[in-house]
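Each chain is listed here by its residues.
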Amino acid sequence: MTNATHPYDALMDITARPKAVFVRGAGSYLWDDSRKRYLDFVQGWAVNCLGHSPPAVADALAAQARRLLTPSPAFYNGPSLQLAQALVEKSCFDQVFFANSGAEANEGAIKLARKYGSLHKGGAFEIITFAGGFHGRTLATMSASGKKAFEPLFEPKVAGFKKAVLNDIASVESLITDNTVAVMLEPIQGESGVWQATDQFLQQLRALTEAHGLLLIFDEIQTGMGRTGKLFHYEHAGIAPDIMTLGKGIGGGVPLAALLATEKAACFEHGDQGGTFSGNPIMCAAGVAVLEEIAKPEFLRNVADTGLLLESELQKVSARHGLGEVRGRGLLLALDLKLPIAQAIVAQAFEAGVLLNAPQPDALRFMPALNVTRAEIGEMVDCLDAILTKAGAARLVA
Ligand SMILES: *Cc1c(COP(=O)(O)O)cnc(C)c1O
């Protein structure tokens with residue numbers, strides 16, 4: 001065994017990272033250890049819904065840290081009761097289980113559906129998910145995902161996931177058998193490049209699942225918590241799923257996730273589900289502070305407005321440079337570049353002090369803080385425009 005000689009070498013090399021070390025964040029800006037400032041349109045992967053280190057979250061964490069970090073998941077604590085109550089009041093769900101990551105919440109959703117199948121549907125266990133979907137990096141959630149790159153990995157997969165085609169209700173219907181217990185999807189496929197399920201498709205899914213007695217599971221880990229201009233994306237379609245998962249934005253930057261279910265679907269018995277840090281008061285205190293902020297009607301209206309502004313600015317960039325469509329809703333948008341130049345743009349923007357994300361070789365994704373300002377949107381768009389003007393889109397092709 002060799003000991004790491006450079007601090008970089010002590011971390012498992014699981015992804016390509018720039019060498020900069022980030023030391024501070026405030027709102028839409030991040031600073032690295034050379035004091036370079038970056039305008040951040042990634043925000044920890046749509047996590048920092050109120051921006052970097054928002055005072056409301058920092059204060060809640062500091063106050064709770066001095067009061068009580070964690071009693072035990074087998075005891076009640078104030079912040080988890082408060083957050084569960086607030087989520088239930090503001091959604092169509094009746095009960096909440098808290099987890100530490102989105103994948104863990106989705107594992108819980110999968111287990112809950114299988115439990116429901118064993119109790120009410122003669123042991124049905126199959127869940128219909130979607131090509132292009134992403135549900136996390138545990139074995140079951142990788143198996144539920146429809147990500148091509150996952151297919152050869154870590155075989156054998158967890159059985160029981162069949163993949164349908166987004167916005168194609170016949171493809172879902174054709175997969176239903178006596179073994180089917182649920183349909184699970186992201187209302188906007190985030191990781192695969194911001195592909196939106198239409199409201200009509202979501203309504204068709206609700207009708208189909210009801211007709212067959214199946215549970216409808218929404219993975220709102222990326223779309224929930226105000227990201228699309230409503231507190232939860234399902235509200236756009238005017239339907240109510242049976243189960244929903246939340247992650248990313250729910251903690252405003254700290255690890256927190258949630259599994260929500262209607263009374264009918266919430267069928268775990270003692271021993272079925274748990275977790276050492278489930279509902280720990282320190283993370284739930286952050287969640288309470290976040291939800292208080294984003295559930296305000298004026299806050300959500302502002303997300304919808306700034307989302308429309310970002311969309312129209314991106315459309316102008318696209319028109320000027322002969323690029324493709326702008327997709328998505330609220331402040332979860334993608335720009336189709338029509339050419340595999342996304343990584344080159346991300347790298348040049350990084351040099352210029354703007355953080356962007358390329359979920360696919362030919363698409364950029366924009367997931368700024370939900371309180372991003374018009375001026376910050378202008379600054380990002382100017383940078384993107386300058387990169388495209390200087391290089392010419394075609395010349396960026398690697
Ligand atoms: C990020 C994400 C996950 C996984 O969440 P983790 O916290 O990384 O485990 C699952 N589903 C969707 C839709 C996501 O965007």
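Here the structure is a predicted model, which means the values were calculated and not measured. (Residues numbered from 1 in each chain as written. Predicted model: local features only at pLDDT ≥ 70, side-chain atom pairs only at ≥ 80, totals over all residues. Heavy atoms only, no water.)

1. Notes on the overall build of the chain
Next up, step 1: Helix and strand content of the chain: 12 helices and 17 strands.
Next up, step 2: In terms of overall size, the chain behaves like a compact globule, its C-alpha atoms giving a radius of gyration of 21 Å where 398 residues would be expected to give roughly 21 Å.
Next up, step 3: Buried residues in the chain amount to 53% of all 398 residues.
Next up, step 4: In the chain, 70% of the contacts between residues at least 6 apart in sequence involve partners at least 24 apart.
Next up, step 5: For the chain, the exposed area adds up to about 17700 Å²; of that, 55% sits on carbon and sulfur atoms. (Helix = DSSP H or I, 4+ residues; strand = E, 2+ residues; numbered from the N terminus. Rg over C-alpha atoms; globule rule 2.2 N^0.38 Å. Buried < 20%, exposed > 50% of the residue type's maximum accessible area, 1.4 Å probe, protein only. Contact = heavy atoms within 4.5 Å. Areas by Shrake-Rupley, 256 points an atom, 1.4 Å probe, with all protein chains shown as cover.)

2. Describing the domain arrangement of the chain
Next up, step 1: Domain parsing of the chain yields domain 1 (7-52 + 299-397) and domain 2 (55-294).
Next up, step 2: Once you take the C-alpha centre of each, domain 1 and domain 2 turn out to be 26 Å apart.
Next up, step 3: Both sides together, the interface formed by domain 1 and domain 2 hides about 2300 Å², and carbon and sulfur atoms give 59% of it.
Next up, step 4: Between the two partners, domain 1 and domain 2, sit 2 salt bridges.
Next up, step 5: Two residues, E191 and R365, come together in a salt bridge whose shortest N-O distance is 3.1 Å.
Next up, step 6: Connecting domain 1 to domain 2 are 10 residue pairs in polar contact (both at pLDDT 80 or more). (Domains from an automatic or database assignment. Buried area = accessible area lost by both parts, 1.4 Å probe. Salt bridge = Lys/Arg side-chain N within 4 Å of Asp/Glu carboxyl O. Polar contact = N/O pair within 3.5 Å; in protein donor to acceptor, adjacent residues only side chain to side chain.)

3. Digging into the nonpolar core
Next up, step 1: L185, L356, F366, M380 and L384 are the most contacted members of the largest nonpolar core, which has 83 residues in total.
Next up, step 2: The dominant element in this core, judged by the number of residues it contributes, is helix α9 (residues 281-294), at 8 residues.
Next up, step 3: When residues are assigned to domains, this core turns out to be shared by domain 1 (7-52 + 299-397) and domain 2 (55-294), each giving three or more.
Next up, step 4: Once residues lying within four places of it in the same chain are set aside, the contact partners of L356 are F41, V42, I345, V346, A349, L364, F366, M380 and L384.
Next up, step 5: In terms of nonpolar packing, the next biggest core, distinct from the first, is built from 24 residues, A113, V181, A261 and A265 among them. (Core = buried A, V, L, I, M, F, W, Y, C linked by side-chain atoms within 4.5 Å.)

4. Quick notes on the pairing of strand β2 (residues 29-32)
Next up, step 1: Both faces of β2 are covered, namely the face carrying Y29 and W31 and the face carrying L30 and D32.
Next up, step 2: Here β2 pairs with strand β3 (residues 37-40) via 3 bridges, running antiparallel. Bridging across to β3, L30 finds its partner in Y38.
Next up, step 3: Here β2 folds back onto β3 in antiparallel fashion, the turn holding 4 residues, of which R35 has a positive phi close to 70 degrees. (Pairing = 2+ DSSP bridges.)

5. Examining the packing of helix α2 (residues 55-67) against α9
Next up, step 1: Put simply, α2 and α9 touch, their axes get as near as 8 Å, and they point 150 degrees apart. Taken together, the axes of α2 and α9 lie roughly antiparallel to each other. In terms of crossing hand, the pair formed by α2 and α9 is right-handed. Of the residues in α9, those in contact with A56, V57, A60, L61, Q64 and A65 of α2 are P281, I282, A285, A286, A289 and V290. (Axes fitted to C-alpha atoms, helices over the stretch in contact; angles between N-to-C directions. Parallel < 35°, antiparallel > 145°, perpendicular 65-115°, else oblique. Left-handed = near helix turned anticlockwise from the far one by under 90°.)

6. Topic: the packing of aromatic side chains
Next up, step 1: Using the criterion set out here, one finds 6 aromatic pairs in the structure.
Next up, step 2: Centre to centre, the rings of F93 and Y234 are 5.9 Å apart; their planes meet at 85 degrees, and the pair counts as edge-to-face. With F93 in the loop between α3 (78-89) and β4 (95-99) and Y234 in helix α8 (residues 234-237), this pair connects stretches of sequence that are 141 residues apart. Like Y234, F93 is buried.
Next up, step 3: Consider the rings of F232 and Y234, whose centres lie 5.9 Å apart with planes at 5 degrees: the pair is stacked.
Next up, step 4: Relative accessible area serves as the criterion here: at 0%, F232 is assigned to the buried category. (Phe/Tyr/Trp six-rings, centres within 6.5 Å; stacked < 30°, edge-to-face > 60°.)

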